[in-house]
Amino acid sequence: MIIIVKAKRYFKITNNFLKKRRSSPATVKDTLFGEYLRGTLSYLALGAVFLTLGWLSDRLEAVPGIQLNPWQMDAPLIVVDAGHGGHDGGAVAGGALEKELALKLALDLRGQLLAHGMRVKMTRESDVFLPLEGRAAIANDLQADAFISLHLNTSANPDVSGIETYFTEHKTLAAQRALQARWKLTSSAVKDLRGRWLAASIQQQLCTLTQAVDRGIKERNYAVVTRTQVPAVLVECGFLTHPDEAAKLKQADYQKQLIQGISTGLRHFLQARQNQPGKGIEALSDPALAATQEEAGAETTAP
Ligand SMILES: [Zn+2]
């Protein structure tokens, strides 16, 4: 607004001045005055631009911890969750610590999503412990467009390798209540298909790009996917117990492929759902099912 007012005033004054110049022969005095006027107005306009940018940046910082791309306030907001952290190290195998590798991948994913104009909130940015319900709550409080949790897998069998992505259609009772309220459903229970679609899209891109073994998408009541009221997935990016895969997982090029796969899968999911974010939330009429899931969801921890 300030810029527009300043700019209008600038053009008005400059125009009047030029008209005057055209109607009467220019003198040295006129020319010098014109230069002076133009210079002053340019500085004023530039000052207004900086003031506006400062004001905008203050408004963005008012939202704690959210990294916003300032020019796309309505861009998709993604919560990226690095599995484990702090005293919970997760898997230790193949010369890697799950909590560290998950954080590295999560930070890289943030960079990739920001580069695509999305807004990103990390559940953790350093080696700290965070309860699972706290991670889901971040996505719920922000009403994020998606929640992506990153983990690394292990197996007693060192021959097992590949990528798998988890989701659930059956949210906790609390999450179902919130979904009912948000999407104005009258049924006693809801089923949420969005996680399945997001998982399928990410899994397909991941396996195409990395050429890893496709272990498929799987429904499981992990707390971070059952408690979230937004499309949520948990990606197991590979097996630290498989010597070759563990070596690849530590390579920058392979990590880039993983990030690219997740990012592309997410973007395809978001693009397919533009203008219909509630699509995939279906009314159910069986409250017993919801109650069962409440119990299961609350007791299952992330792998
Ligand atoms: Zn894990």
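All figures in this text were calculated on a predicted structure; none of them were measured in a lab.

Peer 1: I would appreciate a short explanation of the sheet that holds strand β1 (residues 77-82) in the present structure.
Peer 2: Sheet strands associate in pairs through backbone hydrogen bonding, adopting either a parallel or an antiparallel arrangement. With mixed pairing, the six strands of this open sheet are ordered in space as β4-β1-β5-β9-β6-β8. Strands at the two margins of the open sheet, each flanked by one partner only, are β4 (119-122) and β8 (214-219). The mean inter-strand angle of the sheet, taken between neighbouring strand axes irrespective of direction, is 20°. With five bridges connecting them, β1 and strand β5 (residues 146-153) associate as parallel partners. What sits directly across from Val79, in β5, is Phe147. Lying on the sheet, helix α4 (residues 132-142) is in contact with β1, β4 and β5; it crosses β1 at an angle near 175°. Relative to the sheet, helix α6 (residues 194-210) contacts β5, β6 (163-167), β8 and β9 (232-239), its axis offset from that of β6 by approximately 170°.

Peer 1: Would you mind showing me how to read the nonpolar core here?
Peer 2: Among soluble globular proteins, nonpolar side chains are generally buried collectively. The biggest cluster of nonpolar side chains holds 40 residues, and the ones touching the most others in it are Ile78, Ile148, Leu150, Val235 and Leu266. Of all the elements in the fold, those that place two or more residues in this core are β1, α3 (98-115), β4, β5, β6, α6, β9 and α9 (252-272). Beyond its immediate sequence surroundings of up to four residues, Ile78 is in contact with Leu113, Met118, Arg119, Val120, Lys121, Asp145, Ala146, Ile148, Leu266 and Leu270. If you look at the next biggest cluster of nonpolar residues, it comprises 16 residues, including Leu77, Val230, Ala232 and Leu234.

Thresholds applied
Residues numbered from 1 in each chain as written. Predicted model: local features only at pLDDT ≥ 70, side-chain atom pairs only at ≥ 80, totals over all residues. Heavy atoms only, no water. Pairing = 2+ DSSP bridges. Helix = DSSP H or I, 4+ residues; strand = E, 2+ residues; numbered from the N terminus. Axes fitted to C-alpha atoms, helices over the stretch in contact; angles between N-to-C directions. Contact = heavy atoms within 4.5 Å. Core = buried A, V, L, I, M, F, W, Y, C linked by side-chain atoms within 4.5 Å. Buried < 20%, exposed > 50% of the residue type's maximum accessible area, 1.4 Å probe, protein only.

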